[in-house]
Amino acid sequence: MTTIKLLHSSLLPLQGGINFRDQGGNLAKDGRRVKSGLLLRAGSLDRLTVDDCHYLSQMPLTQIIDYRDADEVQTRPDVLWQGVDYENIPANPLSDDVNANFGKLTDESLASFNAVDFMTRLYNQLPFNNRAYRYLTQVMQQPSSGALVQHCAVGKDRTGIGSAIVLLTLGADRNTVIEDYMLTETTLAPYRKEILSHMSAHLNEQHGIDSLSYVMSAKESFIGTALHAIDQRYGNTDNWLEQEFGLTPGIRARVQDKYLTA
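If you're wondering where the values come from, they're calculated on a predicted model, not measured in any experiment. (Residues numbered from 1 in each chain as written. Predicted model: local features only at pLDDT ≥ 70, side-chain atom pairs only at ≥ 80, totals over all residues. Heavy atoms only, no water.)

What follows concerns the overall build of the protein chain. Along its length, the protein chain carries 13 helices and seven strands. Evaluated residue by residue, the protein chain yields a buried proportion of 53% over its 262 residues. Pairs at least 24 residues apart make up 73% of the contacts formed inside the protein chain by residues separated by at least 6 positions. A total accessible area of about 11,700 Å² is found for the protein chain, and carbon and sulfur atoms account for 48% of it. (Helix = DSSP H or I, 4+ residues; strand = E, 2+ residues; numbered from the N terminus. Buried < 20%, exposed > 50% of the residue type's maximum accessible area, 1.4 Å probe, protein only. Contact = heavy atoms within 4.5 Å. Areas by Shrake-Rupley, 256 points an atom, 1.4 Å probe, with all protein chains shown as cover.)

In structure tokens, the structure reads:
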């Protein structure tokens, strides 16, 4: 495989990966760490090369959970490899408003788009009654499941909440969840620059570019909005995990033994 310069040690050395990184190494409150190579997060997998697929098949990465809307998948279907199971379960509660199908964005569609309001509503709604995350937690509970990657278009919002669920289930504290989320501001940077450059050539109004730049950023206020909404509804994240996903203390202990190492 061609030598690839990585912006962060958590990124996998993939030629066509978008923000494709390993949550391994994150610390749980009991002092154990997340095992490497089992829980991964990413953006779209449509640009993976043959070498990338060979690399991922050796991990072995056996489960893909794709959170994108149907039109996103149709426009940019994932590249799959032998031995991997693929499930597309949309996680976007605001799919009627907008999604990350950048090809549909025009000056007209973005003219009245309020990026701040959209992101606030998105993060207030993502954590609740979300079938995609219920599926994620069910896969994590399967004793024989191999490595999994959860992803959306750029691996930030829908995947960001999914990744927070992973870390909180494994006993990480909020600071670790926030740090893992905010790392995307660095690891997504090359793809974000590419998309903004491409869209700048197709959009005439600065409002559209500014809005797109905002929604493609990773801000602590975004993940903070979700955590605050969880606290308001459930009191704390432990209650949320149990009541939304059935992750009782006993089930979480078994999942932690599966994914954590001393």
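Glancing now at the packing of helix α4 (residues 115-125) against helix α11 (residues 220-234). α11 packs onto α4 with a crossing angle of 40° between their chain directions and a minimal axis gap of 8 Å. When the interaxial angle is binned, α4 and α11 end up oblique. Helix-helix and strand crossings are classified by hand; for α4 and α11 the assignment is right-handed. On α11, the residues that touch M119, T120, Y123 and N124 of α4 are F222, I223, T225, A226 and A229. Of the residues contributing to the contact of α4 with α11, the split by class is six nonpolar, three polar and no charged. (Axes fitted to C-alpha atoms, helices over the stretch in contact; angles between N-to-C directions. Parallel < 35°, antiparallel > 145°, perpendicular 65-115°, else oblique. Left-handed = near helix turned anticlockwise from the far one by under 90°. Nonpolar A, V, L, I, M, F, W, Y, C, P; charged D, E, K, R; others polar.)

Time to look at unusual backbone geometry. Look at the link from M59 to P60: it is a cis peptide, with omega at -10°. Within the secondary structure, P60 is located in the loop between α1 (50-57) and β4 (61-66). Of note in the backbone geometry, N19 takes a positive phi value of approximately 50° without being a glycine. By the secondary structure assignment, N19 is in the segment before β1 (21-22).

Before going further, it helps to examine the pairing of strand β6 (residues 147-151). The element β6 is largely enclosed, with a buried count of five among its five residues. Bridging between β4 and β6 involves five bridges; their strand directions are parallel. By the bridge assignment, I64 is partnered in β6 with V149. (Pairing = 2+ DSSP bridges.)

This model, assessed by the stated rule, comprises 15 salt bridges. The salt bridge involving D231 is made with R174; its shortest N-O contact spans 2.5 Å. One end of the pair, D231, is in helix α11; the other, R174, is in helix α7 (residues 174-182), with 57 residues separating them in the sequence. A single network of salt bridges, built from pairs that share partners, joins R21, R41 and D180. (Salt bridge = Lys/Arg side-chain N within 4 Å of Asp/Glu carboxyl O.)

Next up on the list: the nonpolar core. L170 and W240 are the most contacted members of the largest nonpolar core, which totals 62 residues. It is α11 that provides the largest number of residues to this core, a total of seven residues. Other than its neighbours up to four places away in sequence, W240 contacts P127, F128, I165, L168, I230, Y234 and F245. Within the second largest apolar cluster, 15 residues are counted, among which are A42, L48, L56 and I64. (Core = buried A, V, L, I, M, F, W, Y, C linked by side-chain atoms within 4.5 Å.)

Turning to the environment of H8, a few remarks are in order. Along the chain, H8 turns up in the segment before β1. Sequence-wise, H8 and R21 are 13 residues apart; in three dimensions their C-alpha atoms are separated by 8.8 Å. In this structure, H8 is in contact with L183 and T187, ignoring residues within four places of it in sequence. A polar atom in the side chain of H8 sits 2.9 Å from the side chain of S10. (Polar contact = N/O pair within 3.5 Å; in protein donor to acceptor, adjacent residues only side chain to side chain.)

Next up on the list: the sheet that holds strand β5 (residues 85-88). Across the sheet, which stays open at both edges, the five strands sit in the order β1-β3-β6-β4-β5 with mixed pairing between neighbours. Each having just a single partner strand, β1 and β5 make up the two edges of the open sheet. Pairing analysis gives four bridges linking strand β3 (residues 39-42) to β6, with the strands arranged parallel. Across the sheet, L39 pairs through a bridge with L148, a residue of β6.

What follows is about the environment of D66. Assignment of secondary structure puts D66 in strand β4. The spacing of D66 and E87 is 21 residues in sequence and 6.1 Å in space, taken between C-alpha atoms. Excluding anything up to four places from it in sequence, D66 contacts V73, D78, Y86, E87, N88, I89, P90 and H151.

In this section: the packing of aromatic side chains. As enumerated under the stated definition, the model contains six aromatic pairs in all. Each ring, one from Y123 and one from Y181, has its centre 6.2 Å from the other, and the planes form 90°; the classification is edge-to-face. Residue Y123 is found in helix α4, and its partner Y181 is found in helix α7; the two are separated by 58 residues along the sequence. The same class applies to Y123 as to Y181, namely buried. An angle of 40° between the planes, with centres 6.3 Å apart, marks the rings of F128 and Y234 as tilted. (Phe/Tyr/Trp six-rings, centres within 6.5 Å; stacked < 30°, edge-to-face > 60°.)

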